[in-house]
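Spelled out from the first residue to the last, the chains are:
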Amino acid sequence: MPEPVTRPLPAAVRAAVDRLDRADADGRPADADLRGPREECGVFGVWAPREDVAKMSYYGMYALQHRGQEAAGMAVSDGTRIVVYKELGLVSQVFDESTLASLEGSLAVGHTRYSTTGSTTWDNAQPSYRPTVSGGLALGHNGNLTNTTELARRLGELTDGRDAAHRRGTTTDSDLVTGLIAALATDDRTLEAAALEVLPMLQGAFCLVFMDEDTLYAARDPHGVHPLVLGRLDAGWVVASETAALDIVGAAFVREVEPGELLVVDEHGVRSHRFALADPKGCLFEYVYLARPDTTIAGRNVYETRVEVGRTLARESPAAADMVIPVPESGTPAAIGYAEASGIPYGAGLVKNAYVGRTFIQPSQSIRQLGIRLKLNPLRESIRGKRLVVVDDSIVRGNTQRALVRMLREAGALEVHVRISSPPVRWPCFYGIDFASRAELIASGLGVEEIRQAIGADSLAYVSIEGLTLASEQPAGRLCRACFDGAYAIPLPPREVLGRRHPEDVELPFVEHNGGDPAGDDALADREPLVPVGALGSA
Ligand code: SF4
């Protein structure tokens, strides 16, 4: 077993520790790192003329809240007019009874947003909207496009620059798609035909749910990077990012939207179009952390996967310990699996303050410096005098784990053995997950033993990429594992891979950048709260 840190640290580890110290000093664990990798977005759509589609969308979005907590929005159509309502904040903050009661209709799309491209502004919240020759188009997107420069150029050419008038400050890749479909829908070309022209132009990861006044559409990129499923109601249809959202609205799972498929849902039922050959590369990190445990992806339940990863981790990296504890909640299934396979008793050692990361109130500096204690509190009586195995889902910057190890030792743990239920995250994601830049990823510069020293654990081990892949029950060739192995399934320009945070950071000729870091609170302060934008959506 590796011994605790007692010798002078190697220079690379010292530099990493200094970086973690600086981040601790400015309270970073209280906000950035504690959230872990940030999900992309959640999308939901319902076509059900006899249902309260606004309330159904609300509950669907609520089930997908973990995929995006910066903004929420919904578009509803009564057959003649689309109304879009969106705001910064959580689903429960954005919508109330009276708002939902005013959103009457027969179909709807909903969106929960975390910004992977574009700033956190009201304009960038979704669904995005465009008028068309025959009415309107509202669209929600999960994922990240990698050819936004090209798409922006095409949109500029198609509309001779006139699309800018509809953007109202929007800077997202998603809005480009809305603009392109709307621009190509003409008197002679239906929206369905326009979508089938635009979808093959898109590169990157996308799950799209969009609608006009009477039809719901759902499309998934040819690699099927992120999940998108179709469900059946007694009298209607639902599409959603995760099966858990079907469950919560009482829809029966029908099937996944296939990679490279466009579904069209209207009074005639569901039609399917292929717009590209399928080349599946499902996101492996969905199984580790992103998706809800009660979701099933490609036939494999996420909870079962995580438990199996824990068993694998126990076999690959045993530890002599008295108790296995999870870092709640995303580490819980893997900790259960680790305990089961190792025979070491499972116990609770940390209590999570579940809602602290979901407030829009910025903590004061003194509160920020409480760091990890804002989110996790140790159960001293449970862990005192014990050798602990602590199971977490991933290490991004390392701040959280270092603070955690320190906190557990202060609470009386004799030894802290950290086990991680994913391989080291060494590469950034360009398909919709915001880990950090490569320079911020602790595993991009340090080996496992060096990371152990940096976080101060008695031992550290990650599950192997083979072990995680086996647990997912997916063939390796059908998975994206780029954040672990750097093999990007969807090609990227080298410049972005090596340095840039998002492909959208390259200068877009027609997309106006708000610039800078997320400016949610400023943007919120600048305008009236809770503005229904029905006028925008009038047919
Ligand atoms: S790079 Fe990682 S997080 Fe991004 S899609 Fe691939 S597996 Fe998922």
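About the criteria used
Residues numbered from 1 in each chain as written. Predicted model: local features only at pLDDT ≥ 70, side-chain atom pairs only at ≥ 80, totals over all residues. Heavy atoms only, no water. Near = heavy atom within 4 Å. Nonpolar A, V, L, I, M, F, W, Y, C, P; charged D, E, K, R; others polar. Patch = residues over 30% accessible without salt bridge, like charges linked within 9 Å, V, L, I, M, F, W, Y side chains within 5 Å. Areas by Shrake-Rupley, 256 points an atom, 1.4 Å probe, with all protein chains shown as cover. Salt bridge = Lys/Arg side-chain N within 4 Å of Asp/Glu carboxyl O. Helix = DSSP H or I, 4+ residues; strand = E, 2+ residues; numbered from the N terminus. Axes fitted to C-alpha atoms, helices over the stretch in contact; angles between N-to-C directions. Left-handed = near helix turned anticlockwise from the far one by under 90°. Contact = heavy atoms within 4.5 Å. Phe/Tyr/Trp six-rings, centres within 6.5 Å; stacked < 30°, edge-to-face > 60°. Buried < 20%, exposed > 50% of the residue type's maximum accessible area, 1.4 Å probe, protein only. Lys NZ or Arg CZ within 6 Å of the ring centre and 35° of its normal. Lys, Arg positive; Asp, Glu negative; His and termini not counted. Charge placed at Lys NZ, Arg CZ, Asp CG, Glu CD. Pairing = 2+ DSSP bridges.

S.K.: Hey, could you run me through the site of the ligand in this one?
M.R.: Surveying the vicinity of the ligand reveals the residues V225, C283, L284, F285, C429, Y431, I433, F435, C480, A482 and C483. Considered class by class, the residues forming the shell around the ligand number eleven nonpolar, no polar and no charged.

S.K.: Sorry, what's going on with a nonpolar patch on the surface here?
M.R.: A contiguous nonpolar surface patch, about 320 Å² in accessible area, is contributed by Y59, Y62 and I248. Residue placement: Y59 occurs in helix 3 (residues 53-63).

S.K.: So what exactly am I meant to see when it comes to the packing of helix 12 (residues 302-316) against helix 19 (residues 465-472) here?
M.R.: Where helix 12 contacts helix 19, the two axes come as close as 9 Å, and the packing angle between them is 145 degrees. Where helix 12 crosses over helix 19, the two elements pack in a sense that is right-handed. Contacts from T305, E308, V309, T312 and E316 of helix 12 reach helix 19 at G467, L468, A471 and S472. In terms of residue class, the contact of helix 12 with helix 19 is built from three nonpolar, four polar and two charged.

S.K.: Help me understand the packing of aromatic side chains in this model?
M.R.: Scanning all chains against the criterion turns up eleven aromatic pairs. Seen from their ring centres, W427 and Y488 are 6.5 Å apart, and the 85 degrees between their planes marks the pair as edge-to-face. With a gap of 61 residues between them, W427 in the loop between strand 21 (415-420) and helix 17 (442-445) and Y488 in the loop between helix 20 (482-485) and helix 21 (494-498) connect regions that are remote in the sequence. Summarising the burial analysis for this pair, W427 and Y488 share the class buried. Here a set of aromatic residues connected by ring pairs shows up, and it is made of Y58, Y59, Y62, Y85 and F95. Note that R438 overlies the ring of W427, its terminal NZ or CZ placed 3.8 Å from the centroid.

S.K.: When you look at a negative patch on the surface in this model, what are you seeing that I'm missing?
M.R.: A cluster of acidic residues, E51, D52, D78, E104 and D234, forms a negative patch on the protein surface. Along the chain, D52 falls in the loop between strand 1 (41-47) and helix 3.

S.K.: Could you clarify how one ought to interpret the sheet that holds strand 7 (residues 204-211) in this entry?
M.R.: Two modes of strand pairing occur in sheets, parallel and antiparallel, and in both the strands are linked by backbone hydrogen bonds. A sheet is described by the order of its strands in space; here six strands give the open sequence 5-6-7-8-12-13, paired in antiparallel fashion. What marks the edges here is a single partner per strand, and that holds for strand 5 (128-132) and strand 13 (269-274). Ignoring strand direction, the axes of neighbouring strands in this sheet form an average angle of 20 degrees. Of the strand pairs in this sheet, strand 5 and strand 6 (residues 135-145) are connected by five bridges, and their pairing is antiparallel. The partner of P131 across the bridge, within strand 6, is G136. Packed onto the sheet, helix 8 (residues 173-184) meets strand 5, strand 6 and strand 7 and runs at close to 140 degrees relative to strand 6.

S.K.: Explanation requested: unusual backbone geometry in the structure shown.
M.R.: Residues apart from glycine generally show negative phi values, whereas peptide bonds are mostly found in trans. For the peptide bond that leads from Q126 to P127, omega is 10 degrees, which places it in the cis range. For P127, the position within the fold is in the loop between strand 4 (107-113) and strand 5. At A298, a residue that is not glycine, the phi angle is positive and equals roughly 50 degrees. Looking at the element boundaries, A298 is found in the loop between strand 15 (296-297) and strand 16 (300-301). One non-glycine residue, E473, lies in positive phi territory at about 60 degrees. Within the secondary structure layout, E473 lies in the loop between helix 19 and strand 23 (479-480).

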